[in-house]
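Structure assessment
In case you want the letters, here they are:
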Number of protein chains: 2
Amino acid sequence: MAKKDVNSEEEVKNKQVILRDYVTGHPKESDFYITTSTIKLQIPPGSNAVLVKNLFLSVDPTMQFRLRTVRHKHLDGYQYYAPGSPINGFGVAKVMDSGDPNFRVGDLVWGTTGWEEYSLIQQPQKLFRIQHTDVPLSFYTGILGMAGITAYSAVYEVCTPKIGDRIFVTAASGAVGQLIGQYCKLMGCYVVGSAGSQEKVDLLKNKLGFDDAFNYKEEPDLDAALKRYFPEGIDICYEQVGGKMLDAVLGNMKVHGCVTLCGMISQYNIAEPENLKNVMQIIVRRLTVKGFSHRDHHHLYPKLLDTVLPYIREKKVVYVEDIAQGLENGPAALIGLFTGRNFGKQVLEVSRE
Amino acid sequence: MAKKDVNSEEEVKNKQVILRDYVTGHPKESDFYITTSTIKLQIPPGSNAVLVKNLFLSVDPTMQFRLRTVRHKHLDGYQYYAPGSPINGFGVAKVMDSGDPNFRVGDLVWGTTGWEEYSLIQQPQKLFRIQHTDVPLSFYTGILGMAGITAYSAVYEVCTPKIGDRIFVTAASGAVGQLIGQYCKLMGCYVVGSAGSQEKVDLLKNKLGFDDAFNYKEEPDLDAALKRYFPEGIDICYEQVGGKMLDAVLGNMKVHGCVTLCGMISQYNIAEPENLKNVMQIIVRRLTVKGFSHRDHHHLYPKLLDTVLPYIREKKVVYVEDIAQGLENGPAALIGLFTGRNFGKQVLEVSRE
């Protein structure tokens, strides 16, 4: 076949990030190891698969669920990791060989791929083909990828604010929070964010256009902090932290307010969830609390591109990435999410082309 | 004035249920006392008030909030009780004198009134005039009153089921639960209820048409109980209990399920709310959790009458009341709600006419 040269029959080295064993408690760098296997740069004969070269990998907090033996059967579509095998996640990749007529050699795609240099993707129908390359390719791991769908659907679909609404965004400098805050500002809201360092607070206030921001680690009383920033209460909270933060939020919502939950990073790695004292405020204040996932909103992707690509090109939205280099640094990048080491969306660059 | 006779100038005896002092912890009968004052059976000159004779009083769990010094500022419209004064709540009454052109002597009304024989109602504009008297008047404390608006709005407005949905109703033999369950049955759903005695379970299964029911006090493991009744999960839960029950519910909802919260009776009288382990399931299962109150749905009352009056007349709905006799028995009736002593909607009959 014309598209394959002789070299594609040869095996090449394929560096991989392997899960050592199932994780309990906090994941650690030593739960992973790096190995180098080999791979043919072509799909098996007759296969519908796609063979890709991975360029950028998305480093996501929810990956921790997949390191464990505890199975959430309702996380449908989740592939749990297997010890001894490479982990996987969302990423940007280039097609090297294809048995799927929708993808051609040289196409750029984003979707689920392996934490390795090359991946054989057995279900290419779930990949998105990247059609706009005037923006950085890494953006398809975030603002134009899964985190982007999460943020877009949160604001435009799950709980849409009105002009003047008073919005609170937690984990506000992270992949999703930074976008939610800016989308709400573009809709004419008053937006306050919380983050875990002064540097992140400065980013929110000085670069991302948040009206105000605070470092939750410097607030001994989160309830008092929220009362200071929202003396009249919060209309909408986009919450991703859980625990004490969610509890303080429930105690500071306006009547008929909405709380969206798309993450709970403070609760992922602890044995017992923190006690919430304010659950009854859901009734007292007649709140709506909505759990959601990007997985229910992939059909919005064309609308997202229509809205967000112009925002990027016209610099109406600032997008902050923290790009780690090389698969060797993948485990540290993943672990760093749970200590807040990342500054903006955490990405892992595997290859520049 | 022609409508007033000479006797109306005289003072008559007025038995009252008085709050002794603010309550902490569980309310007790001794937190109240009965006294007899006097009242003129006419409104003050020039007043817009209405003077009523109370017939039936609604005994509601949420009254406990109003016995305390802890103020929920978001419970707007709530009047907190004052020690030394009669408590109040929803009730059915007959107009004895009126300064409001919308109400005439002899009219039957329902709305907020005092726990006493006669009440001077300063804001009669909030009263509903009773226009259908072919059903028992006490029904206007329940199925056609506040609890009725709660149940109607839960099913027809807050979270409306589809045919075949699998529904779980907690506190299912109570004022609200018994109606919700029957409305869902009329909509073609599979309905299971929980209650606190075998007698109540029998009522649900044999009289109210629930598909199944269980006694939560006999279930050492509520999670296991729900998995038994809902092996495929719950589509909608109408939850009024809170604590362990809510936690078990969150762990047994289907993906995209809805939980409505309009009460949390297990948590009202305890110092620290029970710990919930399954809050993260709101995200994992992408649930919607909606707190609501009848107070936001009074505009639905004409639709409620259009729907529910025929149900009553055609006996499509069974409505179970537990009617205590006389103001002296009011405190015991109120306290009994928190031990589940009531069998159906708790009503207090003050006078038959």
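Quick look at the structure, then. The residue numbers shown here count from 1 along each chain, following its written sequence. Following the order in which they are written, the chains are lettered starting with A and the ligands numbered starting with 1. Note on the predicted model: pLDDT of at least 70 is required for a residue's local features to be given, and 80 or more for side-chain atom pairs to be given and counted; whole-chain, interface and lining totals, by contrast, use all residues. The basis for every side-chain value is the complete set of heavy atoms in the structure, and neither hydrogens nor water enter the calculation.

**Section: the overall build of chain A**
Just so we agree on the cut-off: Secondary structure follows DSSP: runs of H or I at least 4 residues long count as helices, runs of E at least 2 residues long count as strands, and numbering of each begins at the N terminus. Atoms counted for the radius of gyration: C-alpha only. Globule rule: 2.2 Å times residue count to the power 0.38. Any residue under 20% of the maximum accessible area for its type is buried, any over 50% is exposed, and the rest in between are partly exposed; the area is computed with a 1.4 Å probe on protein chains only. Here, two residues are considered to be in contact whenever any of their heavy atoms come within 4.5 Å of each other. Throughout, the Shrake-Rupley method with a 1.4 Å probe supplies accessible areas, and for residues the shown protein chains are the sole cover considered.
The secondary structure content of chain A amounts to eight helices and 15 strands. Against the 2.2 N^0.38 benchmark of 20 Å for 353 residues, chain A shows a C-alpha radius of gyration of 21 Å, consistent with a compact globule. Over its C-alpha atoms, taken along the principal directions, chain A stretches across nearly 70 × 45 × 35 Å. Buried residues in chain A amount to 60% of all 353 residues. At a minimum sequence separation of 6, the contacts of chain A that also span at least 24 residues come to 69%. For chain A, the exposed area adds up to about 14600 Å²; of that, 50% sits on carbon and sulfur atoms.

**Quick look at the nonpolar core**
Most often, soluble globular proteins have nonpolar side chains that are buried together. Going by this rule: Definition used in this section: a nonpolar core is a set of buried Ala, Val, Leu, Ile, Met, Phe, Trp, Tyr and Cys residues joined via side-chain atoms within 4.5 Å.
Ranked by internal contacts, the top residues of the largest apolar core, which has 81 residues, are Phe168 of chain A together with Trp115 and Phe168 of chain B. Phe128, Ile143, Met146 and Cys262 of chain A belong to the second-largest nonpolar core, a separate cluster that totals 58 residues.

**Structural notes on the pairing of strand 13 (residues 288–291) of chain B**
Under the convention used in this document: When DSSP locates at least two bridges between a pair of strands, those strands are taken to pair.
Note that strand 13 (residues 288–291) of chain A and strand 13 of chain B share three bridges and pair antiparallel. The residue of strand 13 of chain B that forms the bridge with lysine 290 of chain A is threonine 288 of chain B. Pairing between strand 12 (residues 253–261) of chain B and strand 13 of chain B: four bridges, direction parallel. Bridging from a neighbouring strand, threonine 260 of chain B pairs with lysine 290 of chain B of strand 13 of chain B.

**Here's the deal with the packing of helix 1 (residues 146–158) of chain A against helix 7 (residues 301–313) of chain A**
Residue and element names in this part refer to chain A. The condition is simple: In this analysis an axis means a line fitted to C-alpha atoms, helices contributing only their contacting stretch, and an angle means the value between N-to-C directions, from 0 to 180 degrees. An angle below 35 degrees is treated as roughly parallel, one above 145 as roughly antiparallel, one from 65 to 115 as roughly perpendicular, and anything else as oblique.
In contact at an axis separation of 11 Å, helix 1 and helix 7 are set at 95° when each is read in the N-to-C sense. Regarding the angle of helix 1 to helix 7, the classification is roughly perpendicular. In this structure, helix 1 uses Gly148, Ile149, Tyr152 and Tyr156 to contact helix 7, whose residues at the interface are Tyr301, Lys303, Leu304, Thr307, Val308 and Tyr311.

**Things to note about the sheet that holds strand 9 (residues 190–195) of chain A**
Spatially, twelve strands are ordered 10(A)-9(A)-8(A)-11(A)-12(A)-13(A)-13(B)-12(B)-11(B)-8(B)-9(B)-10(B) in an open sheet, and the strand pairing comes out mixed. With one partner strand each, in any of the chains shown, strand 10 (212–215) of chain A together with strand 10 (212–215) of chain B form the two edges of the open sheet. Averaged over all adjacent pairs, the angle separating strand axes in this sheet is 15°, with direction ignored. Summarising the sheet, strand 11 (residues 234–239) of chain B and strand 12 of chain B pair through five bridges and their orientation is parallel. In the strand pairing of strand 12 of chain B, glutamate 239 of chain B is matched with leucine 261 of chain B. Sheet strands in contact with helix 3 (residues 198–207) of chain A are strand 9 and strand 10 of chain A, and its direction is about 175° off that of strand 10 of chain A. Sheet strands touched by helix 3 (residues 198–207) of chain B: strand 9 (190–195) and strand 10 of chain B. Its angle to strand 10 of chain B, the strand with the most contacts, is close to 175°.

**Some remarks on the relation of the copies chain A and chain B**
Note the threshold: Our superposition of the copies is a least-squares fit, built on the C-alpha atoms of residues whose pLDDT is at least 70 in both.
Mapping chain A onto chain B leaves a residual RMSD of 0.0 Å; the transformation is a rotation of 180° accompanied by 0.0 Å of translation along its axis. Here the copies are linked by what is in effect a two-fold axis. In this assembly the copies share their binding face: 100% of the residues contributing to the interface of chain A also contribute to that of chain B.

**Quick word on the interface of chain A and chain B**
Under the convention used in this document: Buried surface area refers to the total accessible area, computed with a probe of radius 1.4 Å, that the two partners give up upon joining, counted for both partners together. We define a salt bridge as a contact between a side-chain nitrogen of Lys or Arg and a carboxyl oxygen of Asp or Glu at a distance within 4 Å. Between N or O atoms, a polar contact is any pair within 3.5 Å; within protein, one atom must be a potential hydrogen donor and the other a potential acceptor, and residues adjacent in sequence are included only when both atoms are from side chains.
Across the boundary between the two partners, chain A contributes 38 residues, which contact 38 residues of chain B. Roughly 3100 Å² of surface becomes buried between chain A and chain B when both sides are summed, with 60% attributable to carbon and sulfur atoms. Our enumeration of links across chain A and chain B arrives at four salt bridges. Residue aspartate 296 of chain B is joined to arginine 286 of chain A by a salt bridge in which the shortest nitrogen-to-oxygen separation is 2.8 Å. For the pair chain A and chain B, the interface holds nine residue pairs in polar contact (both at pLDDT 80 or more).

**Details of the environment of proline 86 of chain B**
The residue proline 86 of chain B is located in the loop between strand 3 (50–58) and strand 4 (88–98) in this model. Setting aside its immediate chain neighbours within four residues, proline 86 of chain B contacts Gln16, Val17, Ile18, Trp115 and Glu116 of chain B.

**Observations concerning the pattern of salt bridges**
All names here are of chain B. Tallied over the full model, the rule gives 30 salt bridges over all chains. The salt bridge involving lysine 162 is made with aspartate 165; its shortest N-O contact spans 3.4 Å. We classify aspartate 165 as buried; its relative accessible area is 6%.

**Looking at unusual backbone geometry**
All names here are of chain A. Here the phi dihedral of alanine 171 falls at roughly 50°; this positive angle occurs in a residue that is not glycine. Inspection of the secondary structure assignment puts alanine 171 in the loop between strand 8 (166–169) and helix 2 (177–186). Of note, the phi angle at arginine 286 is positive, near 50°, even though the residue is not glycine. With respect to the secondary-structure elements, arginine 286 resides in the loop between helix 6 (281–284) and strand 13.

**Topic: the packing of helix 1 (residues 146–158) of chain B against helix 2 (residues 177–186) of chain B**
Each pair of packed helices can be described by the angle between their axes along with the distance between the axes. Residues and elements named next belong to chain B. Inclusion rule: It is the rotation of the near helix from the far one that decides the hand of a crossing: anticlockwise by less than a right angle makes it left-handed, clockwise makes it right-handed.
Direction vectors running N to C along helix 1 and helix 2 enclose 35°, while the axes themselves pass 9 Å from each other. For helix 1 against helix 2, the interelement crossing comes out right-handed. Between helix 1 and helix 2, the residues in contact are Ala147, Gly148, Ala151, Tyr152, Ala154, Val155 and Tyr156 and Leu179, Ile180, Tyr183 and Cys184, respectively.

**Brief notes about the side chain of glutamate 116 of chain A**
Residue and element names in this part refer to chain A. As a reminder, the rule being used: Residues scored as charged are limited to Lys and Arg (positive) and Asp and Glu (negative), so that His and the chain ends carry no count.
Within the secondary structure layout, glutamate 116 lies in the loop between strand 5 (108–114) and strand 6 (118–121). Summary of buried charges: glutamate 116 has no salt-bridge partner, and the nearest side chain of opposite charge, arginine 66, is 11 Å away. A distance of 2.6 Å separates the side chain of glutamate 116 from the side chain of glutamine 16, its partner in a polar contact. Setting aside anything within four residues of it in sequence, one finds glutamate 116 in contact with Asn14, Lys15, Gln16, Asn54, Leu57, Pro86, Leu327 and Val350.

**A look at the packing of aromatic side chains**
Operational definition: Aromatic pairs are defined between Phe, Tyr and Trp rings, using the six-membered ring for Trp, whenever the two ring centres lie within 6.5 Å; interplanar angles under 30 degrees are classed as stacked, those over 60 as edge-to-face, and all others as tilted.
A complete count under the given rule lists 24 aromatic pairs over all chains for this structure. With a centroid separation of 4.4 Å and an interplanar angle of 10°, the aromatic rings of tryptophan 110 of chain B and phenylalanine 128 of chain B are classed as stacked. Note that tryptophan 110 of chain B is positioned in strand 5 (residues 108–114) and phenylalanine 128 of chain B in strand 7 (residues 128–129), a separation of 18 residues in sequence. Note on phenylalanine 128 of chain B: relative accessible area 18%, which makes it buried. One aromatic cluster in this structure is built from Phe90, Trp110, Phe128 and Tyr301 of chain A.

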